[in-house]
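Each chain, letter by letter, is given below.
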Amino acid sequence: MMAILVKTTQDGRKLEVVGLAITLGGKLEANELIEVKDHPYRRAIRAAAPEATHMAGRVPLTQTEAEIVLAAFREAEAGMLANPVAIHERFRIAAMMKAREQGIE
């Protein structure tokens, strides 16, 4: 799976989309975007990064950067839907996450 660069942070780390994951410096940062207007810390985010429209974990994104992430997610999902092994893997991961939430592990 190819990494798609979204931006480079001020400290030089790359924020990238790999499949359905958003990584920062090669480590998982988030698997979804949250709109700033819906974020519990929206006031602090707007004060620190007024241009931000979305958050990817701890990283603020502009509308243009968020669109890069969303397009990469759509492309990854389309690729997965065409691959039976990937579909099975998504169900397996979803079942594991559900079990973990319920304390079954």
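Up top you'll find the structure we're talking about.
Calculation notes
Residues numbered from 1 in each chain as written. Predicted model: local features only at pLDDT ≥ 70, side-chain atom pairs only at ≥ 80, totals over all residues. Heavy atoms only, no water. Helix = DSSP H or I, 4+ residues; strand = E, 2+ residues; numbered from the N terminus. Buried < 20%, exposed > 50% of the residue type's maximum accessible area, 1.4 Å probe, protein only. Areas by Shrake-Rupley, 256 points an atom, 1.4 Å probe, with all protein chains shown as cover. Lys, Arg positive; Asp, Glu negative; His and termini not counted. Charge placed at Lys NZ, Arg CZ, Asp CG, Glu CD. Core = buried A, V, L, I, M, F, W, Y, C linked by side-chain atoms within 4.5 Å. Contact = heavy atoms within 4.5 Å. Pairing = 2+ DSSP bridges. Axes fitted to C-alpha atoms, helices over the stretch in contact; angles between N-to-C directions.

Asks: It is not clear to me how the overall build of the chain should be interpreted in this structure. Could you clarify?
Replies: Helix and strand content of the chain: 3 helices and 7 strands. Of the regular secondary structure in the chain, the N- to C-terminal order runs β-β-β-β-β-α-β-β-α-α. Principal-axis analysis of the C-alpha atoms gives the chain an extent of 45 × 30 × 25 Å. A burial count over the chain gives 30% of its 105 residues as buried. Surface summary for the chain: the accessible area is close to 7,300 Å², and the carbon and sulfur share equals 57%. Treating the 14 positive side-chain charges of the chain as one cloud and the 14 negative ones as another, the clouds have centres 4 Å apart.

Asks: Help me understand the nonpolar core, please; the structure alone is not making it clear to me.
Replies: Buried together is how nonpolar side chains tend to be arranged in soluble globular proteins. Ranked by internal contacts, the top residues of the largest apolar core, which has 14 residues, are Val6, Leu15, Val17, Ile22, Leu33, Leu61 and Val69. Those elements that place two or more of their residues in this core are strand 2 (14–18), strand 3 (21–24), strand 7 (59–61) and helix 2 (63–81). Among the elements that line this core, the one with the most residues is helix 2, at 4 residues. Not counting residues within four places of it along the chain, the set of residues in contact with Ile22 comprises Leu15, Glu16, Lys27, Leu28, Glu29, Ala30, Glu32, Leu33, Ala56, Val69 and Phe73. Listed in part, the 5 residues of the second largest apolar core include Ile45, Ala49, Ala52 and Met55.

Asks: Help me understand the sheet that holds strand 6 (residues 54–56), please; the structure alone is not making it clear to me.
Replies: Whenever strands of a sheet pair, they do so through backbone hydrogen bonds, lying parallel or antiparallel. Spatially, 5-6-7 is the arrangement adopted by the 3 strands of the open sheet, whose pairing is antiparallel. Whereas interior strands pair on both sides, the edge strands pair on one side only; in this sheet they are strand 5 (34–35) and strand 7. Taken together, the 3 bridges between strand 6 and strand 7 define a ladder with antiparallel strand orientation. The residue of strand 7 that forms the bridge with Ala56 is Val59. Sheet contacts for helix 2: strand 6 and strand 7; angle to strand 7, the most-contacted strand, approximately 100 degrees.

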